[in-house]
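# Structure at a glance
This is what each chain is made of:
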Amino acid sequence: MTTSITDSLPALSAPRTAEVSRNTAETKITVKVNLDGTGKATLSTGIGFFDHMLDQIARHGLIDLDIHAVGDLHIDGHHTVEDVGITLGQAVAQAVGDKKGLRRYGHAYVPLDEALSRVVIDFSGRPGLVMNVPFKSGMIGTFDSQLAYEFFQGFVNHAFVTLHIDNLKGENAHHQAETVFKAFARALRMALEIDPRSVGVIPSTKGSL
Ligand SMILES: [Mn+2]
């Protein structure tokens, strides 16, 4: 019998991808994710700064993201941003599957000039968000900075994760938001990795997550 080095590498039982469509009277959204991607993104939400933030999740999370949203922007961006969070959460939950071998926890600090944010995530199976981001400006382009909270609340409720977000420093709202989304991406990347020392094992003493 021969063995090769590949026998000891983590083997994924299924590709960690998902496609979810969500249609309501307020928004029509399609999200495709590949958790083991290279950071490619195709984004159209109708809100330029929001696309810029979603691009950070793909790039720094090394997640391929395809997000197309048509929402009631004639009202404001609220439904569109919240519902993209919900649909992305559903897609990530579907792609992550049974969580066998998952690192589960992830954290990151990301600076951008004067701004600094910290994000800590746990694929706990329980939704929970604690977010402390004192934005220095209401609007960032056409993006209402209050909607960052709505996005993460939607994501958390449907990805079933515990998420702590703290903006520790920052004077410019664009910088504050960008450090939050980049730190979220890096934390996500860490938590979603397969730990080669724990292949096939659900990372909980409960035996389920
Ligand atoms: Mn920027």
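Scroll up for the structure.
Residues numbered from 1 in each chain as written. Predicted model: local features only at pLDDT ≥ 70, side-chain atom pairs only at ≥ 80, totals over all residues. Heavy atoms only, no water.

## Quick notes on the pairing of strand β4 (residues 64–71)
- As paired elements, strand β2 (residues 27–34) and β4 share eight bridges and run antiparallel to each other. Bridging from a neighbouring strand, Lys28 pairs with Val70 of β4.
- Across four bridges, strand β3 (residues 41–44) lies against β4 in parallel orientation. Within the sheet, the bridge partner assigned to Thr42 lies in β4 and is Asp66.
- What joins β3 to β4 is helix α1 (residues 48–61), and the crossover it makes is left-handed. (Pairing = 2+ DSSP bridges. Helix = DSSP H or I, 4+ residues; strand = E, 2+ residues; numbered from the N terminus. Right-handed = clockwise from strand over helix to strand, strands pointing away.)

## Some words on the side chain of Thr27
- Looking at the element boundaries, Thr27 is found in strand β2.
- Residue classification places Thr27 among the buried positions, given a relative accessible area of 1%.
- A polar contact is formed between the side chain of Thr27 and the side chain of Asp83, at a distance of 2.6 Å.
- Among residues more than four places away in sequence, those in contact with Thr27 are Arg22, Val70, Gly71, His79, Thr80 and Asp83. (Buried < 20%, exposed > 50% of the residue type's maximum accessible area, 1.4 Å probe, protein only. Polar contact = N/O pair within 3.5 Å; in protein donor to acceptor, adjacent residues only side chain to side chain. Contact = heavy atoms within 4.5 Å.)

## Comments concerning the sheet that holds strand β7 (residues 128–132)
- Spatially, four strands are ordered β5-β6-β10-β7 in an open sheet, and the strand pairing comes out mixed. Only two strands of the sheet have a single neighbouring strand rather than two, namely β5 (105–112) and β7. The average angle at which neighbouring strand axes cross in this sheet is 10 degrees, direction not considered.
- The pairing of β5 with strand β6 (residues 115–122) spans eight bridges and is classified as antiparallel. (Axes fitted to C-alpha atoms, helices over the stretch in contact; angles between N-to-C directions.)

## Observations concerning the pattern of salt bridges
- This structure, assessed with the given rule, holds ten salt bridges.
- Arg22 serves as the salt-bridge partner of Asp83, at 3.4 Å between the closest nitrogen and oxygen. In this pair, Asp83 sits in helix α2 (residues 78–96) while Arg22 sits in strand β1 (residues 17–23), placing the two residues 61 residues apart along the sequence.
- Measuring nitrogen to oxygen at the nearest pair gives 3.9 Å for the salt bridge that ties Lys40 to Asp64. Here the residue Lys40 occupies a position in the loop between β2 and β3, and Asp64 occupies one in strand β4, the gap between them amounting to 24 residues.
- Judged by its relative accessible area of 54%, Lys40 falls in the exposed class. (Salt bridge = Lys/Arg side-chain N within 4 Å of Asp/Glu carboxyl O.)

## Here we look at the packing of aromatic side chains
- Under the definition given, this model contains eight aromatic pairs.
- Measuring from ring centre to ring centre gives 5.9 Å for Phe50 and Phe143, while their planes differ by 15 degrees; the resulting arrangement is stacked. Of the two residues, Phe50 sits in helix α1 while Phe143 sits in strand β9 (residues 143–144), which places them 93 residues apart along the sequence. Comparing Phe50 with Phe143 shows no difference in burial state: the two are buried.
- With a centroid separation of 5.0 Å and 40 degrees between ring planes, the pair formed by Phe152 and Phe181 is classed as tilted. Within this pair, whereas Phe152 is found in helix α3 (residues 147–159), its partner Phe181 is found in helix α4 (residues 173–192), the two being separated by 29 residues in sequence. (Phe/Tyr/Trp six-rings, centres within 6.5 Å; stacked < 30°, edge-to-face > 60°.)

## Quick look at α2
- The first and last C-alpha atoms of α2 sit 27 Å apart over 19 residues, in line with the 27 Å expected at 1.5 Å per residue.
- Counting buried positions along α2 gives 14 out of 19 residues, so the element sits mostly inside the fold.
- Taken from the residues just after α2, Gly97 is the one with a positive phi, measuring 65 degrees. (Expected span 1.5 Å × (residues − 1).)

## Regarding the packing of α2 against α3
- For the pair α2 and α3, interaxial distance at closest approach is 7 Å and the crossing angle is 30 degrees. Here α2 lies roughly parallel to α3, going by the angle between them. As α2 runs across α3, the sense of the crossing is right-handed. Contacts between α2 and α3 pair His78, Val81, Glu82, Val84, Gly85, Ile86, Leu88, Gly89, Gln90, Val92 and Ala93 from the former with Leu147, Glu150, Phe151, Gly154, Phe155, His158 and Ala159 from the latter.
- Within the contact of α2 with α3, the residues separate by chemical class into ten nonpolar, six polar and two charged. (Parallel < 35°, antiparallel > 145°, perpendicular 65-115°, else oblique. Left-handed = near helix turned anticlockwise from the far one by under 90°. Nonpolar A, V, L, I, M, F, W, Y, C, P; charged D, E, K, R; others polar.)

Read these as spatial facts, not as claims about activity.
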